[in-house]
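Summary of the model geometry
Below are the chains, spelled out letter by letter.
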Amino acid sequence: MSDPGSVSDWFLPLARRLLYLWVRTSVFPAKSQELALDPEKPVCYVLQNRHLSNLLVLFEESRRAGLPRAEAPIDLAGQRLARSFFFLNRDRSLAGRERDSRAQSTLLAAMVRQAVVDPQVDVQLVPVLILWGRAPGKQDSILKALFSETWRPPGAWRQLLAIVLHGRHVLVRYNAPISLRKLLPEGFDEERALRKLSRVLRVHFYRQRQMAIGPDLSHRNTQVSAVLSGERVRAAIAKEAATQGISPEDARARAGSFALEIASDYSYGAVRALELFLAWLWARLYDGIELHNFDVVTRIAPGHEIVYVPCHRSHIDYLLLSYLIHRNGLTPPHIAAGANLDLPIVGALLRRCGAFFLRRSFKGQPLYAAVFDDYLQLMLARGFPLEYFIEGGRSRSGRMLAPKAGILGMTVHSFIREHTRPLVFVPVYIGYEKLFEGRTYLGELAGKAKQRESLLGILKSLRSLKRVFGKVHVNVGEPLILAGFLDAQYPAWRDQAAEGPSAWSRAVTRRAAAELAKRINEAAVLNPVNLIALTMLATPKHTADEQVLQRMIEHYQALFAEASYAPPGIACTLDAPAVVAYAERLAIVERFADSLGELIRVPARQAPLLAYFRNNVLHLFALPAVIACLLSHNRRLDGTRVAQAVRGIYALMRAELFLRWPLEELSAASEAVIGVLVRRGLLYRTESSAWLAAPEPTSQEFAELHLLGESIRPLLERHFLTLALLEQQGSGQIGRAALADNCQRLAQRLALLYDFNTPEIADKATFSVFIASLIEAEFLCEDEAGLLHFDERLMMPLSDAELVLSAAARQAIRRMAGAGARVAEQPAT
């Protein structure tokens, strides 16, 4: 803005009258006499931010209150100063950036100069706080919340919007006069006196704004400064300058740009605006959001550093959890978001709501890694709650993905380095009944390239607002107190040097990641869509008689209640007929009639999507399904053989599904499941309890036992395919990447030729996880050349797997594995 003193005399009165056609003010104190101004001393008003609108309000309100006119000149010891006001903050660009942070007001400098020269000179400085709009928390409009008063000095465009949105609610507060003379100690020269006076006035305005709009939460610049001044970042800057052949100044500038790329820019106004928007959005999308066990968080939040660790199913996860935390009275977490979400407009909004961004890989970027590590350490040290997804990306299959050690490892190492404040990981399960990204996930599982996030893609997704997405279920699992976990895993951790990650800290991080994944799975919520998916996808043509469908739903609910997977889990409260009706309303199933009556089926378009929701809770029923598979395919088995086979198959499934039982507890868990199946007539036990038997093959109970086992069949088929291909290749003949590639290609061929039509059957990531679990369980050993070795121990789970698959499935897989091995032996072209 140009100097107001140069504006023509006719313009200011005209602008003031035009502004006050819209503006309405509340002035404090209501009576000017309460200021107790000395009429013998000149008055000079101090405004914080340099805007013409603020100046016009000051002109009008000082005139109305009968105070000395702000536009009048000041006579000071024979010197006439042009006006009676100055701005503490300097001129800003349209976007709000300060043009010259070192410049001081010429009027203030002139007054200080006179006061230093003449001890008799004194001026009454009256700070005037002008706020456009109420605090963000009191706003009930998204736009008004976004553009309400914050700690960030506004640019011209933002100030214009504030006038339009908040012009009817302007607060003007005159503060008690401050004596210029009393603020200038004797012996100060002009420059020191000017700096001190500016500092005092800034502190005064800071306290006044804090009283009016709450504490300053906009801390991006202070974050960046703190990170760049850290010892490790300074060392990384010096190393970057040396290795890249650039100046230290350029290396520091590069580190600064990394810090700005990473750091959040928290604004309570943006959080409030987002809360209002999300409240509207959830009402349009969902029938409700059910939150369970949040009292766990409210109990541990005081005095603890909280790191929320949710499963990652959808982009909605980011918004949903922060919304629920904020609505339940806790500070929204700072969220680690992928750099792919730092989109125009969207990225800025997410950053203002607490998101900080990280690249997918830090490899070959030591300076970036050092900056990010120090930023994370700063967040933890200052007590900001955090949220990140240990899976690294959204699950396309519906199962919990193998956790990544990246940011989790940084958190663990940061705590080892500085553990004055206790840190608690809070696992959170998020379950949907329909997904925004469902069709996209199916395409990616089928081999299509992952779609890049874009603003256009987000705008296109708004078309989904007309659809019905059922309910969302959020459940808080058992918290993991990091200090206690470290004590159990490595008791001497407090005594270790913490200069960098070590072998033991990396091992502990991997175990912590696996433990958190288990605890997320333990908190699963069984919803109606999960029950329909488990039942209908087990049928040959995704079609069932309603009575059979209801019976299967009741079996699953009985298993959940009587052979509970884990205490934090939440059961579906609807009975079987209500579950079916609920699925009909969501158009997940439909009725049709044939000559014998009505049947229920899954529409062809919905069937592939349902696999996602079956996989959400597959771990809850994996053990019952394996036992059902064993008995439905073998009719009668010795109890010892059942236990042996369950143990062998469980060893293969455990890592992939993050199952909770250690091997020594598996027998008791299996016995609880068998007890439920026996009570429901799906299994029989001989009088001596030595043998288990399935019902007669022609009975309804046998058909239901078979359907129960079918839910785990796709996973067992993938395992059998991998083991069969390894057997055909031979020990030491193939590496893990090539094995995963071959498994994917053969699974794609199986899906085309046979009835292997589950969407994730050919998901390469799933095969990679399974191969990694075989290595972790020491069924496979990887040599220096990357080739996989195994012995006869691998054939034991292969023989167990044969017990749970039909002869047709085994033969098809073995034929394909033999063909795959021959192709793999051919030289590459």
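Structure: see above.
In this text the structure is predicted, and so the values were computed from the model without any measurement.

Taken as a whole and assessed by the stated rule, the structure comprises 34 salt bridges. In this structure, Asp 122 and Lys 41 form a salt bridge, with 3.2 Å as the shortest nitrogen-oxygen distance. Taken together, the residues span a long stretch of sequence, with Asp 122 in the loop between α3 (106-117) and β6 (124-132) and Lys 41 in the loop between β1 (25-28) and β2 (43-47) at a distance of 81 residues. Residue classification places Asp 122 among the buried residues on the basis of a relative accessible area of 12%. Via salt bridges that share partners, Arg 16, Glu 60, Glu 61, Arg 63 and Arg 64 belong to a single interconnected network.

Let us now look at unusual backbone geometry. Cis geometry is adopted by the peptide bond preceding Pro 29, which originates at Phe 28 and carries an omega value of -5°. Mapped onto the elements of the fold, Pro 29 is located in the loop between β1 and β2. One non-glycine residue, Ala 36, lies in positive phi territory at about 55°. Of note, Ala 36 is situated in the loop between β1 and β2. Unlike most non-glycine residues, Arg 635 shows phi in positive territory, near 65°. The class for Arg 635 is partly exposed, based on a relative accessible area of 31%.

Now for the sheet that holds strand β21 (residues 684-685). One open sheet holds the three strands; their spatial order is β20-β22-β21, and the pairing between them is antiparallel. Here the strands that pair on one side only, and so sit at the sheet edges, are β20 (636-638) and β21. Strands β20 and β22 (691-693) of the sheet are contacted by helix α24 (residues 622-634), whose axis makes an angle of about 120° with β20. Across the face of the sheet, helix α25 (residues 639-657) comes into contact with β20 and β22 while running at roughly 85° to β20.

Here we take up the sheet that holds strand β18 (residues 590-594). Within a sheet, adjacent strands bond to each other through the backbone by hydrogen bonds, running parallel or antiparallel. An order of β17-β19-β18 is seen for the three strands of this open sheet, with the pairing classed as antiparallel. Only two strands of the sheet have a single partner each, and these edge strands are β17 (543-544) and β18. Note that β18 and strand β19 (residues 597-601) share five bridges and pair antiparallel. Note on β19: the bridge partner recorded for Ala 593 is Glu 598.

Mapping Gln 223 onto the fold places it in helix α7 (residues 220-228). Its relative accessible area of 0% is what places Gln 223 among the buried residues. It is 7.7 Å that separates the C-alpha atoms of Gln 223 and Leu 378, two residues lying 155 residues apart in sequence. Non-local contacts of Gln 223, meaning those with residues more than four positions away in its chain, are made with Ala 263, Ser 264, Tyr 375, Leu 378 and Met 379. Here the side chain of Gln 223 touches Tyr 375 through a polar contact of 3.2 Å, side chain to side chain.

Right, let's talk about the environment of Lys 471 for a bit. Inspection of the secondary structure puts Lys 471 in strand β15 (residues 471-476). Ignoring sequence-local partners within four residues, the contact set of Lys 471 consists of Asp 287, Gly 288, Glu 290, Gly 431, Tyr 432, Glu 433 and Tyr 582. Here Glu 290 takes part through its side chain, which lies 3.0 Å from a polar atom of the side chain of Lys 471.

Conventions adopted
Residues numbered from 1 in each chain as written. Predicted model: local features only at pLDDT ≥ 70, side-chain atom pairs only at ≥ 80, totals over all residues. Heavy atoms only, no water. Salt bridge = Lys/Arg side-chain N within 4 Å of Asp/Glu carboxyl O. Helix = DSSP H or I, 4+ residues; strand = E, 2+ residues; numbered from the N terminus. Buried < 20%, exposed > 50% of the residue type's maximum accessible area, 1.4 Å probe, protein only. Pairing = 2+ DSSP bridges. Contact = heavy atoms within 4.5 Å. Axes fitted to C-alpha atoms, helices over the stretch in contact; angles between N-to-C directions. Polar contact = N/O pair within 3.5 Å; in protein donor to acceptor, adjacent residues only side chain to side chain.

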